[in-house]
Each structure stands twice: as C-alpha cells, then as structure tokens.
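Structural overview
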Amino acid sequence: MTFAERLTKRYGGDTPVDGASSTREPATGTGFRGPNGVGKSTTTRRIRGLAAGSRTLRTAQEVPDSDTTTRREQRSVLPYLLAALLFAGYAALSVSRHRRLQTSGYDLGIFEQAVRAYAWLRAPISPLKGPGFNLLGDHFHPILVTLAPMYRLFPSPITLQVAQAALLSCSAIPVTRLAIRVAGTVPGFVIGAGYGLSWGLQNAAGFDFHEICFAVPLLAFSLESLVRERWRAAVVWAAPLALVKEDMPITVAMIGIYLALHGRRRLGAAVTAAALAVVLLVIMVIIPALNPGGHFSYLSYAAGASQDPVTRLLTPSVKLHTLLLVLAPSALLALRSPIMIMALPTLAWRFWSNNPDHWRTNNHYSAVLMPVVFVAFVDGLARLRSRRPHLARPVTVAAATSCAMVTATLAPGLPLWDLTSVAWRPDPTATAARDVLRQIPDGAVVAADNWLAPQLTNRTTVYLFPQERAQGVRPEWIVTFAQPKAFPDPNLQAARLADLPAEGYTLVRQDDGVLLFRRTAGS
C-alpha cells in the first residue's frame, strides 16, 4: 500500500501542492488529472521520494505487506556497506602500488610536501616543483589543509592515499542511495556498485593522489540533493568545490543554472554569479600572485590550433572514445537528464586542451565525471519510468543489467584487477630500493628520481633529479636508477648520471639498479 499525507510544495510564491493526501491499495492504479502547473508531477515525485516537500507531516512511502522494518533497514545500510567495501579495495590498491614503487613524485610526492607543510603550519612549499615553489601558485587547492591534522598524527604518503580512498568510496553513498530509491533494492545496488567500480574512480584510486578526490563526494552529495529538489542542501554541498581546484567553480556555476531552470531563479543566479567571480579571482589574481612566474601556467593548454572550435573539441578520435566510455555505463540514459550539464565544464576544458593526456581515460581526469553521469543515469531512468510506467520494471532491469555488463567487461583492464594477483607479489627492486633509502638520514636534502621521491618526502627535503642542478640546488644525496625512467627526460637523466663524479658525488651504495650518491666533503 502506498500512502501520502498532507504533502505541500511551494515554488516561490506559488503553492501547486497544498495539503495533498492519497492512498493506493495493492493491485490498484491511481492517476492525476489537471492542467499544466497544478502539481501532478510534483506530487508523483514526492510520493516516490525523489522531491523534497516544503512541509510534510507524514512522509510518502511504500508500505510492503510484510517485513517492512527489515527491508527498510536493509535498503538504508546497503550504500554504507558498499562504501566500506570500496574503501577497502581502493586503500589496498593505493598502498600496494606505493609499496611496489608505482607512485611518483609527480603527484604524490608534491602533494605530500604541501600537506606536510600545512601540518607544521607553513606555506605549502613543494621543492619537487622547485626551490620555494608555493603549490597554491600551481593549482588552487586550499582544501588540502583539512588533511593536515591526520598527517601530523601519521606523517606518511600512505595517509594521503588512505584519505583519497575514503573520499572516493564515500561518494558511492549518495549515488547508491538515490539508485535504490528510484530503481529498487537490487537494481539500485547494482547501479551503485557500477558507480563504485567505474573506470573513472578506479583510475583515480590507482593514480598516486590528487586534490580532485575531494570534489567527487561533494559533487555526488550535491547532485543527489538536486535530483531530490533539496535546493539549499545542494548548494551547501557544492560550495566547498571552490576550494578544491580552480576549474571546479565553473561546475558550481552550472549547478546555479540548474537551480534557475528549476524555479529557484534568485538562488541560482546568486550561486552562478558567486562561482564565476571566484573563478576570475583565483585565475587572474590569486594564482599569479603566488606563482614564481607571475602567471597561471596552465592557460598555455588553451593556446594553439587554428581549426574551428567544433573540430578542436571533437578531434582526434580519442576524445569521442573517452566520451563514449563516460556515457557507456548509463546505456545513454544519462542524456535524458539535465544533470548532465554539470559534465560540460570538465569535458570542455579537457577536450579544448592541447595536452593529449587530458583527452584520454587514464589517471584522475575523469573522476569528477563519474558522479555526474551516474546521478544523471538514475535521474534519466526515473524520468523514463514515469513516462512509461507500464515498462518501468523491464526498463529498470535492462538498465541495471547493461550497467553490470559494462562494468564486468572493463574490469580486467582496470586497476582494482591488480588485487587479484599482481598487487601481492614480492618486488625485489622495491625491497632493494627501500634498503638503499634507509641510508639517507632523516632531515637530509636529497635529489631523487621521480619514482623514488615519494618514498622520502615524509622525512627529507626532496628535489627532482636531474632537474635540481639547473635550479641551483646541490643536495648532499642523490638517489636514482641505473636505467633512466621515462620521466623526466631520460636523456637528461643519463647525461647527469655520467656527470655526477665530476660534480663531486661518490657512489656509496648500489643494489638491484638503484644508485645512491653522496657529495664528497668540500666539493
């Protein structure tokens, strides 16, 4: 039996639904008749739990014939259970990668240096980026300061990785909760699991650490609130996005546009205006003021290419491949929802960029798109079910099945698959490297290879080898590999390695291709 009691909904000065009550007995149908704007859709959405009411004395709900309390408790705990399982997987993946030397100075080492500085109440200086380089002059991410207390207690790069795992996994709570509300327990949980195992989140969890991990749960909770018409809650969740990265306020501006299009014109206009003002302030004033070069370095990614805008945005074909993979888990149902406008800023700057890394599906770049496309997926499914109620069940089953199939098809090529074998294998090179690194005393000044840097950033001052000499730095210790890696320039690495004896450095330890040099006294 479905019942609703004294439902009220206001839009500005209008009250299309005022004290509505309804009871539907099992095996019966109920319809609403009336002209546009009288509240038919709003009442239906309230009964289904998708929209928040201005005043409700008793919440509309579905009352099963038996086991009411048990089923409701199961539904409420499933999103949290899924988040806990995802956290365990993400954390295990991240830590195992670090133990196998698969994390790098760019980006884990850089971010640890910033958080370490915050933990000791200093400016976020990252020597890996250069002597005295303030990381807020690179990207704007003051939200990293929230990690400082935990890092002060546990000063390790693993602290950042575990925090990232927690942030990414908790974003599954609102997505799964909304999916269960719309699609039912089993299909909703399948969609939530598809979200948690999506390629965008897995690639983010498998890539070092990045500030964007804060944006994922904030956006997920905000979008859930939008779909349920909890407008102020949506704004509250979205506001901290301005502290995550300089491009995120543009997404907040799109949330403001969504609000305006759904009858909250004043609130929407205020959110949009404030968000755009923050973007201009950060990019034109704050970042240049803190950047050693006095400018926002990444604006150069928007330069070049004389072709027309459409061609630049859609070519080469790798961009269409990325777009297809973004939409694939939703079986294109996400396109039925206006929630998808939140994806436009991220897709636009990535596809406009002249950096090919931004076009692809690897690393962390697509993480913020996952809550958008999955919430839009659920909202699009809800809209289709309401338009085709006689097809609601088969459409829901088909959508959940399609999501599960896409997830299963992509799984073997994604990072979490490593937990089935590779992540637990002993790595002799990693073991040898840690033995070599133990010779470097705490507090030392070191130039390290990109893949060795995050093993040292929690207890030494680390610069990037081989670039430290050009930056005017002469560290006491240099640690690198006998065979240069791909980043930075391997030719420069090889040349510097050959020059180290002439620069006054002596090889003091060598093990399994890991070389440790120390500057000779007086050199």
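Treat the numbers as computed from the prediction; the structure is a model and nothing was measured.

Description of the overall build of the protein chain
Per the secondary structure count, the protein chain includes 19 helices and 8 strands. Across the protein chain, every contact between residues at least 6 apart in sequence was considered, and the portion connecting residues at least 24 apart equals 70%. If you sum the accessible surface of the protein chain, you get close to 23000 Å²; carbon and sulfur atoms cover 61% of it.

Examining the layout of surface pockets
The computed volume of the second largest pocket comes to approximately 1400 Å³. For the second largest pocket, the lining is made up of 48 residues, of which H139, Y298, Y301, H358 and Y365 are closest to its centre. For the lining of the second largest pocket, the elements supplying multiple residues, two or more each, are helix 3 (105-119) and helix 15 (344-352). Of all the elements, helix 15 adds the most residues to the lining of the second largest pocket, at 5 residues. By residue class, the composition of the lining of the second largest pocket is 24 nonpolar, 14 polar and 10 charged.

Thoughts on a nonpolar patch on the surface
Nonpolar side chains collect at one region of the surface, where L280, L281, M284 and V285 lie side by side and expose about 410 Å² of accessible area between them. Assignment of secondary structure puts M284 in helix 12 (residues 265-290). Its relative accessible area of 57% is what places M284 among the exposed residues.

Some details on the sheet that holds strand 4 (residues 445-448)
Note on sheets: strands pair through backbone hydrogen bonds, and any given pair is parallel or antiparallel. Here 5 strands make up an open sheet; going across it, the order is 5-4-6-8-7 and the pairing mixed. Because the sheet does not close on itself, it has two edges, and the strands there are strand 5 (461-464) and strand 7 (505-511). Neighbour-to-neighbour, the strand axes of the sheet open up by a mean angle of 25°, direction not taken into account. Relative to strand 6 (residues 477-481), strand 4 is paired through 3 bridges, and the arrangement is parallel. What sits directly across from A447, in strand 6, is I478.

Here we look at unusual backbone geometry
In this model, F465 is joined to P466 through a cis peptide bond whose omega is 15°. At the junction of F487 and P488, the peptide bond is cis and its omega measures out at -10° in the coordinates. Tracing the backbone shows P488 in the loop between strand 6 and helix 19 (490-499). For L101, which is not glycine, the phi dihedral falls at a positive 60°. The topology assignment puts L101 in the loop between helix 2 (68-99) and helix 3.

So, the confidence of the model for the protein chain
A low pLDDT means the predicted coordinates there should not be read in detail. Chain-level pLDDT for the protein chain is 90 on average; 85% of the residues reach the 70-or-more range. Counted against residues more than four places away or in other chains, residues 54-66, with its pLDDT under 50, gives 36 contacts.

Remarks on the packing of aromatic side chains
If you walk through the whole model with that rule in mind, you get 7 aromatic pairs. Here F111 and F209 contribute two aromatic rings whose centre-to-centre distance is 5.5 Å and whose plane-to-plane angle is 70°, an arrangement assigned as edge-to-face. Here F111, found in helix 3, pairs with F209, found in the loop between helix 8 (199-205) and helix 9 (215-227); they are 98 residues apart in sequence, far enough to count as distant. One exposure class covers both F111 and F209, and it is buried. Residues Y298 and Y301 carry aromatic rings whose centres are separated by 5.6 Å and whose planes lie at 45° to one another, so their mutual orientation is tilted.

Some thoughts on the nonpolar core
The tendency in soluble globular proteins is for nonpolar side chains to be buried side by side. Of all hydrophobic cores here, the largest spans 120 residues; its most connected members are F209, F214, L226, I339, F374, I440 and V479. Looking at this core, the element that brings in the most residues is helix 16 (residues 369-387), giving 12 residues. Excluding its chain neighbours within four sequence positions, the residues that come into contact with F374 are V175, I191, G194, Y195, S198, P329 and C403. Among the nonpolar cores identified, the runner-up in size contains 8 residues, and A447, I478, L497 and L515 belong to it.

Considerations on the packing of helix 6 (residues 172-183) against helix 9
Running from N to C, helix 6 and helix 9 cross one another at 25°; their axes reach a closest spacing of 8 Å. In terms of axis orientation, helix 6 runs roughly parallel to helix 9. Both helix 6 and helix 9 take part in a crossing whose hand is left-handed. Contact with helix 6, carried on its side by I173, P174, V175, R177 and L178, involves A220, F221, E224 and V227 of helix 9 and no other residues of that element. Split by residue class, the contact of helix 6 with helix 9 holds 7 nonpolar, no polar and 2 charged.

A closer look at the pairing of strand 8 (residues 514-519)
Looking at chain direction, strand 6 and strand 8 are connected through 5 bridges and run antiparallel. Looking at the pairing, I478 lines up with F517 of strand 8. In the sheet, strand 7 pairs with strand 8 via 6 bridges, with the strands oriented antiparallel. Its bridge partner lying in strand 8, T506 is registered against R518. Hairpin connection, strand 7 to strand 8: the antiparallel pair is bridged by 2 residues, and D512 has positive phi, about 50°.

Some details on empty space enclosed by the protein
Under the definition given, this model contains 1 cavity of 30 Å³ or more. By volume, the largest cavity is sized at about 50 Å³. Along its surface, the largest cavity is lined by G194, L197, S198, W199, P329, V406, T407, L410 and L414. Looking at the lining of the largest cavity, its residues break down into 6 nonpolar, 3 polar and no charged.

Digging into the pattern of salt bridges
This structure, assessed with the given rule, holds 12 salt bridges. A salt bridge links R469 to E503; the shortest N-O distance between them is 2.4 Å. In this pair, R469 is assigned in the loop between strand 5 and strand 6 and E503 in the loop between helix 19 and strand 7, connecting sequence segments 34 residues apart. The partly exposed category is assigned to R469, whose relative accessible area is 43%.

Details of the packing of helix 7 (residues 185-196) against helix 16
Contact geometry for helix 7 and helix 16: axes closest at 10 Å, N-to-C directions at 160°. Between helix 7 and helix 16, the interaxial angle falls into the category roughly antiparallel. Note that helix 7 runs across helix 16; the crossing there is right-handed. Taken together, the residues of helix 16 that come into contact with helix 7 (itself represented by I191, G194 and Y195) are M370, P371, F374, F377, V378 and L381.

Basis of the calculations
- Starting from 1, residues in each chain are numbered consecutively following that chain's sequence as written.
- Only residues with pLDDT of 70 or above have their local features reported here, since the model is predicted, and side-chain atom pairs are shown and tallied only from 80 upward, although totals for entire chains, interfaces and linings are computed over all residues.
- In computing side-chain values, all of the structure's heavy atoms are included and hydrogens and water are not.
- Helix and strand assignments follow DSSP, with helices taken as H or I runs no shorter than four residues and strands as E runs no shorter than two, numbered in order from the N terminus.
- Contacts were defined at the residue level, with two residues in contact if any of their heavy atoms lie within 4.5 Å.
- Here the accessible surface of atoms and residues is derived via Shrake-Rupley with a 1.4 Å probe, and residues count as covered only by protein chains that are part of the display.
- Computed over the protein atoms alone on a 1 Å grid, cavities are sets of points where a 1.4 Å probe fits but cannot get out and pockets are open sets with protein on both sides within 12 Å along at least five of seven lines; a residue lines them when it has an atom within 4 Å of a point.
- Grid points are joined across faces, edges and corners, and a volume is the space filled by probe spheres set on the points.
- Under the convention adopted here, Pro, Cys and the residues Ala, Val, Leu, Ile, Met, Phe, Trp and Tyr are nonpolar, Asp, Glu, Lys and Arg are charged, and Gly plus all remaining residues are polar.
- Only residues whose relative accessible area exceeds 30% and that form no salt bridge are eligible for patches; like-charged ones are grouped when within 9 Å, while nonpolar side chains (Val, Leu, Ile, Met, Phe, Trp, Tyr) are grouped when within 5 Å.
- The salt bridge criterion pairs a side-chain nitrogen of Lys or Arg with a carboxyl oxygen of Asp or Glu, the two atoms within 4 Å.
- Classification of residues uses two cut-offs on accessible area relative to the type maximum, computed with a 1.4 Å probe and protein chains only: under 20% is buried, over 50% is exposed, and between them is partly exposed.
- Strands were regarded as paired on the criterion that DSSP finds at least two bridges between them.
- For helices, the fitted axis covers only the stretch in contact; all axes are lines through C-alpha atoms, and the angles between them, taken along N-to-C directions, range from 0 to 180 degrees.
- Note on scores: pLDDT gives the predictor's confidence for each residue, bounded by 0 and 100.
- Between 30 and 60 degrees the pair is tilted, below 30 it is stacked and above 60 it is edge-to-face, where a pair is any two Phe, Tyr or Trp rings, Trp via its six-membered ring, whose centres lie within 6.5 Å.
- Among buried residues, the Ala, Val, Leu, Ile, Met, Phe, Trp, Tyr and Cys ones that are joined through side-chain atoms within 4.5 Å form a nonpolar core.
- Any angle between 65 and 115 degrees counts as roughly perpendicular, while under 35 counts as roughly parallel, over 145 as roughly antiparallel, and the rest as oblique.
- In a left-handed crossing the near helix is turned counterclockwise from the far helix by less than a right angle, and in a right-handed crossing that turn is clockwise.

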